Amino acid sequence: GMDGKSGADGIVKAKAPDEVDYANYFCAYAELYHQKQMLVDTIRMEQYMQAIMANSKCFKDKVVIDIGAGTGILSIWAARAGASRVYAIEATEMALYARQLIHANGLSKTITVIQGKAEEVDLKEKADIIISEWMGCFLLRESMLDTVIWARDNLLKKGGALYPSHARIVMAAMQDIDRRMDGKRQMNNADKREWATFVAMARKKYLVDMSILTRAYHEELGDYYFKTAMCLNLTPNQIIGEKRVMEWDLHTVTLDDLRKDKIAEFELKMTGNGVMGGLAGWFDVDFKGSKQSPATEGVVLSTSPHVGITHWGQQAFFLARAHKGYEG
């Protein structure tokens, strides 16, 4: 048994996440529509499925925890791969659907769905394997990695394995794409005109000259268009040079490491000529298991434009001025 009450629906309830947290993050993930958007991302799903099913030797008779289980699909695969017990931990109401799905697929005996935050769940045993799809856009934006690290330190047996096990961030030079030019045009025409109209109106109606603020307003527009990163799906021909800039073993990385490891400086070798309109970033994760419990078959999930379209896309950082780049 677990701490907390077991409801009539057979779901073990841990403490509900606190309101503020919940409002910001969890609501977006509690809708089936949002879950479907992630589930139709076949690149993502197939790599996870491969990582679990192809490593059934590693999962056989093991205790598995699925962090942020969503609809519970990873838990279902883990059970099918031979896990003896799976704890599917999900903070949102999606836990109710996961329960139904797991029951309908005949796996209620193996999989226990727990609604609550991983940090507040009281399990009576530690896991051999933690599986989780925690990655956010550009890896760390809105990611659940802090929860996964907490679970690793508190809920995983010594020598246990994380799936995925390693993560990398790649930065690339990006061709000057229309989106940057559109932004520039929009800024120079519509937005600046709109401000000028406002200044004229203020002078006439309010008898106040606002023009002293024009420059500051223009700077703010520039920040909005060129210092705000966007998630886009880029195509391979828009990438003109790339480099891995960070790599972590998830079995050992700490939150401090993640805070310290800021992408400061890196050199990029151009693999093609072109006008560089900015930088793009994406991530890859590996499923290699841990040193003590290596995977029998390694799998890579990449969100590179070369692989295809995923729901993460790539993070684009536009430059205010395009730069000419030459191969090498």
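Residues numbered from 1 in each chain as written. Predicted model: local features only at pLDDT ≥ 70, side-chain atom pairs only at ≥ 80, totals over all residues. Heavy atoms only, no water.

1. As for the overall build of the protein
Check the secondary structure of the protein and you find 10 helices and 12 strands. When burial is assessed residue by residue, the protein has 47% of its 328 residues classed as buried. Of all intrachain contacts in the protein linking residues separated by at least 6 positions in sequence, the fraction that spans at least 24 positions is 78%. Accessible surface computed for the protein: about 17,100 Å², of which carbon and sulfur atoms make up 53%. (Helix = DSSP H or I, 4+ residues; strand = E, 2+ residues; numbered from the N terminus. Buried < 20%, exposed > 50% of the residue type's maximum accessible area, 1.4 Å probe, protein only. Contact = heavy atoms within 4.5 Å. Areas by Shrake-Rupley, 256 points an atom, 1.4 Å probe, with all protein chains shown as cover.)

2. Observations regarding the environment of Ile102
Inspection of the secondary structure assignment puts Ile102 in helix 6 (residues 94–104). Judged by its relative accessible area of 0%, Ile102 falls in the buried class. C-alpha of Ile102 to C-alpha of Thr71: the two residues are 31 residues apart in sequence and 8.7 Å apart in space. Not counting residues within four places of it along the chain, the set of residues in contact with Ile102 comprises Ile76, Leu107, Ser108, Ile111 and Val113.

3. Thoughts on the side chain of Gln115
Along the polypeptide, Gln115 turns up in strand 4 (residues 111–115). Looking at Gln115, its side chain comes within polar contact range of the main-chain oxygen of Thr92, at 3.4 Å. There is a polar contact of 3.0 Å between the side chain of Gln115 and the side chain of Glu93. (Polar contact = N/O pair within 3.5 Å; in protein donor to acceptor, adjacent residues only side chain to side chain.)

4. Describing unusual backbone geometry
The omega torsion of the bond from Tyr163 to Pro164 falls at 0°, within 30 degrees of zero and hence cis. Relative to the assigned elements, Pro164 resides in the loop between strand 6 (156–163) and strand 7 (166–175). Unlike most non-glycine residues, Phe138 shows phi in positive territory, near 60°. Mapped onto the elements, Phe138 comes out in the loop between strand 5 (127–132) and helix 7 (145–155). The phi angle at Leu139 is positive, at roughly 75°, despite the residue not being glycine.

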